[in-house]
Structures are given as C-alpha cells and as structure tokens.
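Structural overview
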Amino acid sequence: ANGPFFFAFDHCFQVKGQGTVLTGTVLSGSIKPHMQVEITGTGITKKVKTLQMFKKPVQEAIQGDRVAMCVPALDAGDLERGLL
C-alpha cells in the first residue's frame, strides 16, 4: 500500500496496562507494529504497539482494512474522532 498513512478512527478507549486502543479504517498507506503515527492537528507522535483485526493479531494493516491499534502513553481524553 503506497502513499502516506491515513487512519479514520471512530472509537478510542483506554486498556489498563496497555495504552489507548483506536478502532477505525485505514484510508491510505499501511501500518505495522512499532511504526510511528502522528495525531493530526496535535503534533503528537507515538509508536504503535500492536494491531488486531477481528480480535486476531496482525503484522500489517493496509488501505481498506478495519483495524484496532494499541498506542501506549496516549491519553484517550486528548483525542476526538478523526484522522491519524
């Protein structure tokens, strides 16, 4: 999947001891565990810990995939529905 990574998330929640989980759809590009993501409009950059699709761990998510990503040290309260 080429191009910059854009992710439209529609839900986020804290998982104690893990971080913030964001669920949504990959609009373009791809993402893998341990890659950096920037929260659009905030300047915050964080590393993705894990990815899951349909409650199973995956090593990559590409354009069109529905995915949940766990991002440690990210406060769900700082986020609004939108783009990464």
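So, a few notes on the structure that sits alongside this text. (Residues numbered from 1 in each chain as written. Predicted model: local features only at pLDDT ≥ 70, side-chain atom pairs only at ≥ 80, totals over all residues. Heavy atoms only, no water.)

**Observations concerning the overall build of the protein chain**
Filter applied, for reference: Secondary structure is summarised from DSSP: a helix means a run of H or I of at least four residues, a strand means a run of E of at least two, and numbering begins at the N terminus for each. The quantity called the radius of gyration is restricted to C-alpha atoms. Its globule counterpart is 2.2 Å times the number of residues to the power 0.38. Only protein chains enter the calculation, and the probe is 1.4 Å; a residue is then buried if its accessible area is under 20% of its type maximum, exposed if over 50%, and partly exposed in between. What makes two residues a contact is simply this: any of their non-hydrogen atoms within 4.5 Å. Counted as positive: Lys and Arg. Counted as negative: Asp and Glu. His and the chain ends are not counted at all. One atom stands in for each charge, and that atom is NZ of Lys, CZ of Arg, CG of Asp or CD of Glu.
Counting its secondary structure elements, the protein chain contains 0 helices and 10 strands. Ordering the α and β elements of the protein chain from the N terminus gives β-β-β-β-β-β-β-β-β-β. For 84 residues, the compact-globule estimate of 2.2 N^0.38 gives 12 Å, and the C-alpha radius of gyration of the protein chain, at 11 Å, lies within 12% of that figure. Considering only C-alpha atoms, the protein chain reaches an extent of 30 × 30 × 20 Å along its principal axes. Of all 84 residues assigned to the protein chain, the portion counted as buried reaches 38%. Considering only intrachain contacts with a sequence separation of at least 6, the fraction spanning at least 24 residues in the protein chain is 57%. In the protein chain, the 9 positive side-chain charges and the 7 negative ones have mean positions that sit 10 Å from each other.

**Quick notes on the side chain of Ser 28**
Note the following rule: We call two N or O atoms a polar contact when they sit within 3.5 Å, provided that within protein one can donate a hydrogen and the other can accept it, with sequence-adjacent residues counted only if both atoms are side-chain atoms.
Turning to its location among the elements, Ser 28 is positioned in strand 2 (residues 19–28). For Ser 28, the side chain forms a polar contact with the main-chain oxygen of Pro 4, separated by 2.7 Å.

**Comments concerning the nonpolar core**
Just so we agree on the cut-off: What makes a nonpolar core is a set of buried Ala, Val, Leu, Ile, Met, Phe, Trp, Tyr and Cys residues whose side-chain atoms join them at distances within 4.5 Å.
Core analysis: the largest hydrophobic core is formed by 18 residues, its most contacted members being Phe 7, Leu 22, Ile 31, Leu 51 and Met 69. Put simply, the parts of the chain that give this core at least two residues each are strand 1 (6–15), strand 2, strand 4 (36–39), strand 6 (50–53) and strand 9 (66–71). Sorting elements by how many residues they give to this core places strand 9 first, with 3 residues.

**Comments concerning the packing of aromatic side chains**
Condition: When two rings of Phe, Tyr or Trp (its six-membered ring) have centres within 6.5 Å they constitute a pair, described as stacked for plane angles under 30 degrees, edge-to-face for angles over 60, and tilted for the intermediate range.
Applying the stated criterion to the full structure yields 1 aromatic pair. Their ring planes at 15° and their centres at 6.1 Å tell us that Phe 5 and Phe 7 sit as a pair that is stacked. When its relative accessible area of 0% is taken as the criterion, Phe 7 is described as buried.

**Some points on the pairing of strand 4**
Which entries qualify depends on this criterion: Paired strands are those between which DSSP finds at least two bridges.
Burial along strand 4 is one-sided: Val 37 and Ile 39 are buried, while Gln 36 and Glu 38, pointing the other way, are not. With 4 bridges connecting them, strand 4 and strand 5 (residues 44–47) associate as antiparallel partners. Among the inter-strand pairings, Val 37 is bridged to a residue of strand 5, identified as Lys 46. Hairpin geometry of strand 4 and strand 5 is characterised by an intervening segment of 4 residues between the two adjacent antiparallel strands and by a positive phi of about 85° at Gly 41.

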